[in-house]
Structures are given as C-alpha cells and as structure tokens.
Amino acid sequence: MTSLLEQTPSLLNVVLLALAAVALLAVVLGFVTYAIYFERKIIGWMQLRPGPNRVGPLGLLQTVADVAKLLLKEDTRPKSADKALFALAPVLAYGPAFAVLAVMPFSENIGFADLGIGVLYYIALSSITILGVITAGWASNNKWSLIGGLRSAAQMISYEVPLVMSVVGIILMTGSLNLRDIVEAQRDVWNIIPQFFAFCVFLIAAQAELNRSPFDLPEAESELVAGYHVEYSGFRFAMFMLAEYVYMFGMGSLITILFLGGWLPPIEALGFIPGIVWFILKFSLYVFLQFWLRATMPRIRADQLMSFAWKGLLPVALINILLTAFFVSYSNGSF
Amino acid sequence: MLGFAKGLGFTLKKLTEKSVTHKYPDVPYPFPPRFRGIQHFSPEKCIVCNQCARICPTECIQLTGKSHPDPEKKGKIIDTYDINFEICILCDLCTEVCPTEAIVMTNNFELSTYSRDELFKNLKWLDDNNTNVREEN
Amino acid sequence: MNLSLPEELTGKTGLRTEEMILNVGPQHPSTHGVFRLVAKIDGETIKEAIPVMGYLHRGTEKLAENLTYTQIIPYTDRLDYLASMTNNYVFCHAVETMMGLEIPDRAEYLRVIVMELQRIASHFVWWGTYLLDIGAIGPFLYAFRDRETIIELFAELSGARLTYNYMRIGGVKWDAPPGWIDKVSEFVQYMKKELDNYHRLVSGNEIFVNRLTGVGTYSREMALDYSLSGVMLRCTGEKWDLRKDEPYSIYDRFDFDVPTSTDGDCMARYHLRLEEIVQSLRIVEQAVAQFPKDGEIMGKVPRVIRPPAGETFVRIEAPRGELGVYIASQGKDKPWRMKLRRPSFVNLQILPDLLRGENISNMIAILGSIDIVVGEVDA
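What you are looking at is a predicted structure, and each value in this text was computed from that prediction instead of being measured.

Student: Where do I start with the overall build of chain A in this structure?
Tutor: Within chain A, the regular secondary structure consists of 12 helices and zero strands. The linear arrangement of helices and strands in chain A, starting from the amino end, is α-α-α-α-α-α-α-α-α-α-α-α. For a compact globule of 335 residues, the expected C-alpha radius of gyration is about 20 Å, and chain A comes in at 21 Å, within 12% of that figure. Dimensions of chain A, computed from the C-alpha atoms along their principal axes, are close to 65 × 50 × 45 Å.

Student: Please explain the environment of A:His229 as it appears in this structure.
Tutor: All names here are of chain A. Residue placement: His229 occurs in the loop between α9 (196–209) and α10 (234–258). On the accessibility criterion, His229 (10% relative accessible area) is buried. Considering only alpha carbons, one finds His229 and Leu146, 83 residues apart in sequence, at a separation of 9.6 Å.

Student: When you look at a nonpolar patch on the surface in this model, what are you seeing that I'm missing?
Tutor: Residues and elements named next belong to chain A. Side chains of Leu11, Leu12, Val15, Leu16 and Leu19 sit close together on the surface and give an oily, nonpolar patch of about 510 Å² of accessible area. In this fold, Leu16 is placed in helix α2 (residues 11–46). For Leu16, a relative accessible area of 37% puts it in the partly exposed group.

Student: Looking at this structure, how should I read the pairing of strand β3 (residues 45–52) of chain C?
Tutor: Within a regular beta strand, the side chains point alternately toward one face of the sheet and then the other, so they alternate between its two faces. All names here are of chain C. In this sheet, β3 lies alongside strand β2 (residues 36–42) in antiparallel orientation, the contact comprising seven bridges. Bridge assignment links Arg36 to a residue of β3, and that residue is Val52. Counting the residues in the hairpin turn of β2 and β3 gives two residues, including Gly43, whose phi is positive at 65°.

Student: Please explain the interface of chain B and chain A as it appears in this structure.
Tutor: By a widely used convention, the size of an interface equals the accessible area lost when the partners come together. Opposite the 14 residues of chain B that make contact, chain A presents 13 residues. Contact between chain B and chain A buries roughly 1,200 Å² in total, counting both sides, with carbon and sulfur atoms accounting for 72%. When residues of chain B are sorted by the area they lose upon contact with chain A, B:Leu8, B:Thr11 and B:Leu15 head the list and together hold 42% of the total. Counting the contacts that link chain B with chain A gives one salt bridge. Connecting chain B to chain A are five residue pairs in polar contact (both at pLDDT 80 or more). When grouped by side-chain class, the residues that make up the side of chain B that touches chain A number five nonpolar, five polar and four charged.

Student: For this particular structure, what's the right way to read the sheet that holds strand β5 (residues 120–121) of chain B?
Tutor: Hydrogen bonding along the main chain pairs the strands of a sheet, whether they run parallel or antiparallel. Residue and element names in this part refer to chain B. Pairing within the open sheet is antiparallel, and its three strands lie in the order β2-β3-β5. Looking at the sheet topology across the chains shown, the edges are occupied by β2 (61–67) and β5. In the sheet, strand β3 (residues 76–84) pairs with β5 via two bridges, with the strands oriented antiparallel. Among the inter-strand pairings, Asn84 is bridged to a residue of β5, identified as Phe120.

Student: Is there a simple way to think about empty space enclosed by the protein in this case?
Tutor: The method is simple in principle: a probe with the dimensions of a water molecule rolls over the atoms, and the space it marks as empty is what remains. Residue and element names in this part refer to chain A. Tallied over the entire structure, the rule returns four cavities of 30 Å³ or more. There is about 110 Å³ of room inside the largest cavity. Lining the largest cavity we find 13 residues, and of these Thr129, Asn211, Tyr228, Glu244 and Tyr247 sit closest to its centre. Going through the elements one at a time, α6 (128–139) and α10 are the ones with two or more residues in the lining of the largest cavity. When grouped by side-chain class, the residues that make up the lining of the largest cavity number eight nonpolar, two polar and three charged. Counted as a void, the second largest cavity has a volume near 90 Å³. Partitioned by chemical class, the residues of the lining of the second largest cavity number 12 nonpolar, three polar and no charged.

Student: For this particular structure, what's the right way to read helix α5 (residues 118–126) of chain A?
Tutor: Since the α-helix turns once every 3.6 residues, residues separated by three or four places project in the same direction. Residues of α5(A) that are buried: A:Gly118, A:Val119, A:Tyr122, A:Ile123, A:Leu125 and A:Ser126. Against α4 (83–99), α6, α7 (143–174), α8 (179–184) and α10 of chain A lie the buried residues of α5(A).

Student: Could you clarify how one ought to interpret the pattern of salt bridges in this entry?
Tutor: In a structure, side chains of opposite charge can pair up when their charged atoms sit close to one another. All chains considered together, the criterion is met by 45 salt bridges over all chains. The salt bridge partner of B:Asp128 is B:Lys124, with a shortest N-O separation of 2.8 Å. Placement of both B:Asp128 and B:Lys124 in helix α4 (residues 123–128) is noted, with a separation of four residues, approximately one turn of the helix. Taking relative accessible area as the criterion, B:Asp128 reaches 45% and is therefore assigned partly exposed. The shortest N-O distance in the salt bridge between C:Arg273 and C:Asp371 comes to 3.8 Å. Here C:Arg273 is found in helix α12 (residues 266–290), whereas its partner C:Asp371 is found in the loop between α15 (360–370) and α16 (374–378), with 98 residues between them in sequence. Here C:Asp371 falls in the buried class, since its relative accessible area comes to 6%. Shared partners join several salt bridges into a network, and the residues in it are C:Glu116, C:Arg119, C:Arg234, C:Asp241, C:Arg243, C:Glu276 and C:Glu317.

Cut-offs used in this document
- Residues numbered from 1 in each chain as written.
- Chains lettered and ligands numbered in written order.
- Predicted model: local features only at pLDDT ≥ 70, side-chain atom pairs only at ≥ 80, totals over all residues.
- Heavy atoms only, no water.
- Helix = DSSP H or I, 4+ residues; strand = E, 2+ residues; numbered from the N terminus.
- Rg over C-alpha atoms; globule rule 2.2 N^0.38 Å.
- Buried < 20%, exposed > 50% of the residue type's maximum accessible area, 1.4 Å probe, protein only.
- Patch = residues over 30% accessible without salt bridge, like charges linked within 9 Å, V, L, I, M, F, W, Y side chains within 5 Å.
- Areas by Shrake-Rupley, 256 points an atom, 1.4 Å probe, with all protein chains shown as cover.
- Salt bridge = Lys/Arg side-chain N within 4 Å of Asp/Glu carboxyl O.
- Pairing = 2+ DSSP bridges.
- Contact = heavy atoms within 4.5 Å.
- Buried area = accessible area lost by both parts, 1.4 Å probe.
- Polar contact = N/O pair within 3.5 Å; in protein donor to acceptor, adjacent residues only side chain to side chain.
- Nonpolar A, V, L, I, M, F, W, Y, C, P; charged D, E, K, R; others polar.
- 1 Å grid on protein atoms, 1.4 Å probe; cavity = no way out; pocket = protein on both sides within 12 Å on 5 of 7 lines; lining within 4 Å.
- Points joined across faces, edges and corners; volume = space filled by probe spheres on them.

Here you go:
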C-alpha cells in the first residue's frame, strides 16, 4: 500500500487509495460497533447480568439498532446555541480521530502512510480533538456543557504532556520517530520491559486522553449530566461517540506498536502465525482492559486529576527520560 | 497501592459467574404465595357489608347493592362493584377486612394498558380475574 | 488612568470572574429523585447552595387527618420507600404507646427481624447509589443483587416487594411462613462473608479513598446544632443510637455495638454505614436464635382503634436517623394531627453549610453521603 503512495498519481492510484481508505473506515466502524457491543456485554457479565440480548442473535445487532436510531432521530439544536460552531464541533472532534489512523502500521504489509515522524503526527493531530470538545461545550450555550468542555480541555492538555514525555524514552532507544522502525527495534525485547515506567505513565495518560474510566470526568454523567455533549443528539451525538471509540482504536494501535511489539510474535517460534493476528490479539487485550477498568473504577476528582498529572505522572516520565538517556549514552560508549 | 488491584481482581472473578437476571417476560416471574396482585371478586359471596370500601385508604372501591331478588331471603346482593386501578395501591386491606372472602388477592399483576379508562375495572372483569387466586387471605 | 477593578470583583488573581447560577436538578441523575439544588458558582467553587424541596410533596401529614389509624399504615410505606418497615413500625408504635397495648413476643421478634433486614437493605441501596454517584457502576449491581434476597424474603412474608404494609396496630399481619426463619439465618451467614467483597471492591480503592477523605467535614457541635441524627451524627463521635439509649421494642435483649467515628467526613460515614450492616446482621442473628417457637402475632386490640384523647411522640432509629411520630388524638378513630420527624429532611438542612466553598465535584459526594430519600424529605 505504501508503494501506491510513492508512485506518480494517476486516476487508478487515487481510486485505489480512496477504496483502501473506505475499507479502513469500514473496519473502524465495524470495530466501533462491536467494541460497544462487547463493552456492554463484558461489563454486563462482570455485573452478573447478560448484557444486550434482544436485538438479533445474542444481541449482536444491538449497536446497529442504536446507531440507526441515532441517525433517524430529529436533529435538534438549542435555540440559543451558536449555529455554526455547534455544527462544526462534532466534525472537529471526529476528523482528526480518523486521520491519525493513516500512519498506523497494522502489520508488515498492511498500513497506509509510512511517515518519518509517525509518533509526532499522531500526537499533533489528536490534540485537535480538544478544540472540538471546547467548541461543543461553548457553542451549546449550556452551563453543564461549558463546565464539561473546560474540564475536558484542562484534562486533555495536562495529560498530553506526560503522554508525550513517556514516548520520548522509546524514541531515544530507537533513534527514530517512525512507527515501523519502532516496531522493528523490538525484535529482541518489547519496549514494555525496558520502558516499564513509561508504559505505566502512557497507559494512565492514555486513559485520560480517551476520557475513559477512571478519568471520564468530561462526561461524568452523575456530576455534569453528560458534559460537553449534553445538548447534542442524533447524528451529531453519534459523531462524538464515534470519535471516542475511534480514538480507542487509535490509542490501542499506538500502545501495541510502541510498547507491545506491534505485529511481532512473543517468541520467534510462533512466527508462522501472521503478524496481523498478533496485532489484533495485543490490541484486543488493551481494549479489554478498558472495559475491565470501567466495570471497577470510581471516577477521580477534578482537582486531584490535575495534581496527579503534574505532580505524579510528569516527574516519573521525566526521570524515565533521564534514565533512558543515560543508558543509551552508556551503551553507545559516550562515557 | 494495591487497593484498586483487589477491586480489579474481584470484577475479573465475577466475569465468569452466572448472571442473576430474571428472564422476565420470556419466563414468568414466580411470586411467593402471599403476593398481592390484582383482586378477584366473587359476587355470590359478597354480603354488601361495605367494609372494603370503607377501609380502602385511597377510596378506590365503589359498590352498590340491591335487595335480594328472592323476596323470601333477607339481606342484599351486590349490584355493581368497581375498583379504580389508577389509584389502588394494592395494600391488601380490603381483602383483610372482608368477612366472607368475596374479595381476594391473585398473583396476577400485569395491568399496563394504553388508556387510563381501561384501569377502571368493573364487577365482571374482577369476577373473571379468577386465576392464581391467593390461598390464605 | 486606573483601569483596575475593585478587589471584590477580581479576587486575588486580578482577573474578573463572574458568578453563575447552576441549577442542579430536579432532573439531575445524582439528586436521588426530584430534589433540586440551586448553586451559585464561581468557576468550579460553590459560593452558595440553596436546596429546593417539595417536588414530591404528597401531604401525608394532612391526609392522615382524614384516615383511620389502620389506613395510615400504607401511607407510611411511601415516606421513606427504602425503609418501609421502620416507617410502619414507628407509626404503629406511636398508636400502641397511646393505647398502652401489649405486643406478643413473636410479633416483636418478627418486627425486629424485618426492621434490621430493612436497615441492611436500605444501606445496600445507599452503598450502590453512592458509588454510582462517585462514578463506579459495578457496586450498584452487586448491592442490588444482595438487596434482592432481602426483598424476596419480604415478599414472601408480606406479599409486596417495596410497600409492605406489614405491621398492624398491636402486632403484624402475617406470621412467618414455614422455612422463612431458616432462610433469614442463611442470608445472615452469606452476607457476613459477602461484606468482605464489598470492601475488596471499593473500600481500598485509592481513587475512592482520596475522593472522600476529608470531604464534607463538620464538627460534633455543628451536628448537634443542626440536630442531625443517625450516621450523620455518629460520624462526629457522638455515640447516640436510640436502639441503645432509649430501647424500644425488644432491642434491650440484643448485644450489639454502636459504631462511631470522630472524622466527620464522607469516608467516616461510608465506613459507619457498612459497619452498621455488620451490627444489624448481629441483631438479626440473635433474634433468629431467640425466635419463639409459637405464639400470637396480634395482641388484644379493640375492633375500632380509638386512642384516648391526648398526644404522644415516639422516636426510633431508622436507617437514616431518628424517625419520630407525633400524634394528637381527640379520642376519635382518626388522628387530630399527625406530625413526622423525618430524618432525611432534618439531615439535609446542613447541606448549604457543607457546600459553601466546596468544589462542584464534591457536591455530589457530600449530597450522596447524607443519604436522603426524597419521599421522606418532601413527605
């Protein structure tokens, strides 16, 4: 697929690329549909209830029915909302969520763009979503959504710092910002072992970035009713929901690539199994962790959330960078 | 630092446990024998003593009697008997005071309708509601 | 030209901020029904909070003036609908006190067993919904699973799952069905073990502990000034439990402790409620062991209940605090006046004081820890 990008653009190339993008979109939408289904099922099982089981066999079509309902719903907009921004916000939130998937290498040969600065691209684009969230909170002209929007802006900006800092260690070790190179550098040992602290920091910061439990403050339904999307319904709400789950897809891919060795098998002997299977397995493990946490954790308090990011995670990430830099220099014989 | 890990362990253990959900309405929900459902009324037992209408805390029972058609016999027989299930709280007091057990509870409880008017049940409906009648009253 | 704004507008930061009125409820997920709170906030800090009550007002006290004594019992079910049994009891107890009725032993034991089970069930609901407010969805379902056992026991005993209408003046309506007592003791044994799981799931969680410790603190003096009762009072170190200090029914026959704490914060209230479940289980266990083999369940009661002219006030320890009933009788079959001292209503009065200067995210934690039932607040 990468080779397509490098050819001179012709009609055929463009159509092929567009088809590939649509195929990825279909995969992502399929993932979102069944991630929501399994989220509800797994949390249901953990809470000793069966979960969705009415629509379709085993409730498999539940999410399809839910989405259909959202799409067919009347598009309501509060009278005093800012018309243009209100419509723009869901697009701002969803657009980058899908765009970040362009750099993800899912296996040796499945992947789209092979950017030299893949990590940077992901982090830079994913920040745009915050704008969507603030815009939504502001444009709705609702006090709850304003508080929710501001909270989530503060949260996502704060946690972006330790998130980026924790990746620096890996970049130092690999010497590259390219996601493919990072995976290939994990042939001997996955980054989760030498970079364990970074992994912990990244995992926690990723939860906060995704606005998922225990950091689901922006939409804390028991405090802020529904946070920034309180006034959204129907299709626009579906866009926010989609953005959230697509980010889960993106973050799951990223964590697999950065820390869990991407498509590499855990031991060389299992190399005959295609890389994509390993990728899906590791990725599913991360997604399961999300559901598991959601079934267990209470929500952290807003002020503690901030101090945890700046006083807890950031120092750990910085120390990790320092230690990594020291060891990398040492092994290069700089001392 | 292990506090939340304990919680995670607990929820993981629960993942494989059997669910406790009742399969209602696919499977009928079994209520215990003393359950207070919709009343059954048997007009032949009623002696029109009016006690049920008087004890009802929400005044949802209305009844009228007429004199016995057989002039030989004394007393009254029931003419109309209505319970308004919009306000009935199924408190069991009417069945408790009834001296002849003309009004008794049943285990039926499904009363939902599309119109409030349908919640106004008359003598015939209450007489026909004769399944799952409660044993002890 | 001096452009700076006066200090009271800008605060310490020098930035001008505006206050905002935030309407919490009556349709807010964490106000437990139709309670409303009008909060004046500055940023995320609450300047002032005014509780607005009465959305669920049904005029129980006034209605009672036109109802006979037996007819009032189903109405008491609907005050604190999570603890109908204690409401039943306090009303019957008031009338029995006025008439000087003797209650048979078996009826008293049945009453104590159901009241203590009710306390446990009520605390389960509190535990589950409080954790739901804090953001954990799991505990709610575990608590309701165990509460379901109690509800089913009650349904077997009285025929209803929530509004039991079980007690009568002079006794109880139903005797325990065969095997019921065994089921109760089975539940007690099960619950003693299961409570550890409650602690395992929640009590040690760092996020939870950090969220509640030191939040919503008040002193013993303040609690007494606001005439708080129940756990709201005991969390400040005041050891006051009517079951011990003014034993009613047959509570003097049981051996149990009154857990107290001196912290006075949400965490103390959380632990006290769970500890109360343990103590209630102890009482039920002893009551089941002492349960009389046979005997009447109704005392000698006149056909028409007409308490002598006069007035009386009785109070008991309900799950939420001191529940009192005042009845003024003129010797008729209907009370001349009935007044209820509802613990939820009284305990709620401290809320504006607790919320002043707090963060919005603490608002829900503090409101939840008071454990209100809006049916009882609004009566």
